[in-house]
Amino acid sequence: MHESIADFRMPTEEQVHLAAESLRLLADPTRMKILWALLQGESSVACLAELVGAAPTAVSQHLAKLRLAGLVRGRREGTFVYYSAADVHVRRLLEEALFHADHADRDLPHHPPDDTSAHRPAHWPTATPTPG
């Protein structure tokens, strides 16, 4: 059946494994809030803790996991570390997940099958693209 689809390709095992790990790490409300905050600009652990309503030690643990997965980056300045989202792919992953949730939550109509464009609800803040 799939042989008849032009240019049909399956992802490699490594691609699937890495994508699943990234999605697994994103499947946590606190981590999603941390990443959303980092998409607005770099931030310290203390600031992120205040923004997401979690203890700084918990935020540090979440950031360590996100950094190991390549979803965030840290920049040291003296004794402080400032974190940012790793790249534009992280922004797109998180935005699509949140847009999907917004559609489901508000029972919005589905997009036509050939519409692959991302959209931003008018009531959402604009995430600043991160370099990388």
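Just so it is clear, the model here is predicted, and its values are computed rather than measured. (Residues numbered from 1 in each chain as written. Predicted model: local features only at pLDDT ≥ 70, side-chain atom pairs only at ≥ 80, totals over all residues. Heavy atoms only, no water.)

## Some points on the overall build of the protein chain
Note the threshold: Numbering of helices and strands runs from the N terminus; a helix is a DSSP stretch of H or I covering at least four residues, while a strand is a stretch of E covering at least two. Contact between two residues is taken to exist if any of their heavy atoms lie within 4.5 Å; hydrogens are not considered. Shrake-Rupley sampling with a 1.4 Å probe provides the accessible areas, and residues are treated as covered by the protein chains on show and by no other component.
For the protein chain, the count of helices and strands is five helices and two strands. Listing each helix as α and each strand as β along the protein chain from the N terminus yields α-α-α-α-β-β-α. Partitioning the contacts of the protein chain with sequence separation of at least 6, the portion at a separation of at least 24 is 56%. Carbon and sulfur atoms make up 58% of the accessible area of the protein chain, which amounts to about 9100 Å² in all.

## With respect to the nonpolar core
In summary, soluble globular proteins display a tendency toward joint burial of nonpolar side chains. Stated formally: Buried Ala, Val, Leu, Ile, Met, Phe, Trp, Tyr and Cys residues form a nonpolar core when they are joined through side-chain atoms within 4.5 Å. For every residue, the accessible area (1.4 Å probe, protein chains only) is compared with the maximum for its type, and the residue is labelled buried under 20%, exposed over 50%, or partly exposed between those bounds.
Grouped together as the largest cluster of nonpolar side chains are 23 residues, with contacts concentrated most on I34, V59 and L63. Mapped by element, the contributors of at least two residues to this core are α1 (13–26), α2 (29–39), α3 (45–52), α4 (56–68), β2 (80–85) and α5 (88–105). Among the elements that line this core, the one with the most residues is α2, at six residues. Look past the residues within four positions of I34 in its chain and what remains in contact with it is L48, V52, V59, H62, L63 and L66.

## A few points about the pairing of strand β1 (residues 72–77)
As a reminder of what qualifies: Paired strands are those between which DSSP finds at least two bridges.
In terms of strand pairing, β1 meets β2 through six bridges, oriented antiparallel. Across the sheet, R76 pairs through a bridge with V81, a residue of β2. The loop that links β1 with its antiparallel partner β2 comprises two residues; one of these, G78, has a positive phi angle of about 65°.

## A few points about the packing of α2 against α5
The cut-off we apply is this: To define axes, lines are fitted to C-alpha atoms, for helices over the stretch in contact only, and angles between the resulting N-to-C directions are given on a 0 to 180 degree scale. Between 65 and 115 degrees an angle is taken as roughly perpendicular, under 35 as roughly parallel, over 145 as roughly antiparallel, and anywhere else as oblique. Helix crossings fall into two classes, left-handed where the near helix is turned counterclockwise from the far one by less than a right angle and right-handed where it is turned clockwise. Residue polarity follows a fixed list, in which Ala, Val, Leu, Ile, Met, Phe, Trp, Tyr, Cys and Pro are nonpolar, Asp, Glu, Lys and Arg are charged, and the others, Gly among them, are polar.
Between α2 and α5, whose axes approach to 10 Å, the crossing angle comes to 125°. By the criterion of interaxial angle, the relationship of α2 to α5 is oblique. Our pair here, α2 against α5, has a crossing hand that is left-handed. The segment α2 lies against α5, with M32, L35, W36 and L39 engaging V90, R91, L94, E95, A97 and L98. Looking at the contact of α2 with α5 residue by residue, the class counts come to eight nonpolar, no polar and two charged.

## Remarks on the confidence of the model for the protein chain
For clarity, the threshold we go by: Values of pLDDT, the confidence the predictor places in each residue, fall between 0 and 100.
Looking at the protein chain as a whole, the pLDDT averages 84, with 80% of positions reaching at least 70. Per-element averaging of pLDDT across the protein chain places α5 at the bottom with 84 and α3 at the top with 97.

## A closer look at the pattern of salt bridges
As a working rule, side chains carrying opposite charge can pair if their charged atoms are close by. Going by this rule: What makes a salt bridge here is a side-chain nitrogen of Lys or Arg within 4 Å of a carboxyl oxygen of Asp or Glu, nothing more.
Summed over the entire model, instances satisfying the criterion amount to four salt bridges. Its salt-bridge partner being E42, residue R75 comes within 2.4 Å of it at the nearest N-O pair. Of this pair, R75 sits in strand β1 while E42 sits in the loop between α2 and α3; the two residues are 33 residues apart in sequence, bridging distant segments of the chain. Two residues, R75 and E77, come together in a salt bridge whose shortest N-O distance is 2.7 Å. Residue R75 is classed as partly exposed on the basis of its relative accessible area of 34%. Where salt bridges share partners, they join E42, R75 and E77 into one cluster.

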